[in-house]
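# A closer look at the structure
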Amino acid sequence: MGSEPSGEVYLPDTVRTAVKVLVVGPFAVGKSTFVNTLSEIEPLHTEETMTRDGAVVDDLHGITDKTTTTVALDFGRRTLSDRVVLYMFGTPGQQRFLSMWEDLAHGALGALVLADVARLEDSFDVISVLEDRGLPYGVAINDFNTVEIPPHEELREAFDLLPEIPLVTCDARDRSATARAMVSLVEHVLASPLQHARESA
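What counts as what
- Residues numbered from 1 in each chain as written.
- Predicted model: local features only at pLDDT ≥ 70, side-chain atom pairs only at ≥ 80, totals over all residues.
- Heavy atoms only, no water.
- Helix = DSSP H or I, 4+ residues; strand = E, 2+ residues; numbered from the N terminus.
- Buried < 20%, exposed > 50% of the residue type's maximum accessible area, 1.4 Å probe, protein only.
- Contact = heavy atoms within 4.5 Å.
- Areas by Shrake-Rupley, 256 points an atom, 1.4 Å probe, with all protein chains shown as cover.
- Core = buried A, V, L, I, M, F, W, Y, C linked by side-chain atoms within 4.5 Å.
- Phe/Tyr/Trp six-rings, centres within 6.5 Å; stacked < 30°, edge-to-face > 60°.

When helices and strands are tallied, the protein chain shows seven helices and seven strands. The order of α-helices and β-strands along the protein chain, N terminus first, is β-α-β-α-β-β-α-β-α-β-α-β-α-α. Out of the 201 residues in the protein chain, the part that is buried amounts to 46%. Long-range contacts, defined here as pairs at least 24 residues apart, represent 74% of the contacts in the protein chain between residues at least 6 apart. With an accessible surface of roughly 10,600 Å², the protein chain has 52% of that area assigned to carbon and sulfur atoms.

This paragraph deals with the nonpolar core. The biggest cluster of nonpolar side chains holds 24 residues, and the ones touching the most others in it are Leu22, Tyr137, Val139 and Ile141. Counting residues per element, the ones that place at least two in this core are strand S1 (17-24), helix H3 (101-104), strand S5 (110-115), helix H4 (124-133), strand S6 (137-142) and helix H5 (152-159). Apart from the residues within four sequence positions on either side, Tyr137 is in contact with Ala111, Val113, Ile127, Leu130, Glu131, Leu161, Ile165, Pro166, Leu185 and His188. Core analysis: the next-biggest nonpolar cluster, separate from the first, contains 22 residues, Val21, Leu86, Met88 and Leu109 among them.

On to the packing of aromatic side chains, then. Scanning the entire structure with this criterion turns up three aromatic pairs. For the ring pair Phe75 and Tyr87, a centre distance of 5.9 Å and an interplane angle of 15° mean the geometry is stacked. Of this pair, Phe75 sits in strand S3 (residues 68-79) while Tyr87 sits in strand S4 (residues 84-90), and the two are 12 residues apart along the sequence. On the accessibility criterion, Tyr87 (23% relative accessible area) is partly exposed. Following the ring pairs from residue to residue traces out a cluster consisting of Phe75, Tyr87 and Phe89.

What follows is the structure, encoded as structure tokens:
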């Protein structure tokens, strides 16, 4: 499972490139856990205790044992190499917070969509928002070990993913698994025509 943040606050002097990515997905899919697991610093969380009023607004179908929810963002950092650092911004998952993405998405090079195989349809609106914005993305199925994960071919068809869009399975509690998922996104973003256009501009 994931280890605690290393507590390293200062970046190496050799770092020259900062990459901003979003960690997005529907409500209660593991975004805060993902950021917390991968971050090398103590993550910033803006969580509040869930209330009965919130339960009326937010769809809790299929969700159990969740007592807090992100209301603004999660923030974490991960140094990828001696020259590149990754800044992760986890977004709230509720539909009523989608408008906040307009601010968080500024300057982002891509987004990693976390999805729950038991609630795939909850991720469709998230992917639509990213496609409408033209933001490169990858999809990571968070393995809750509660249901069998279908073959990737079936998942790609369900999400209607283009062949070049990365699709991985991970456990948001495991640091090596979250790192592999994030690397798949970063590699996809750096290879995208949009990124090449930015670099040549």
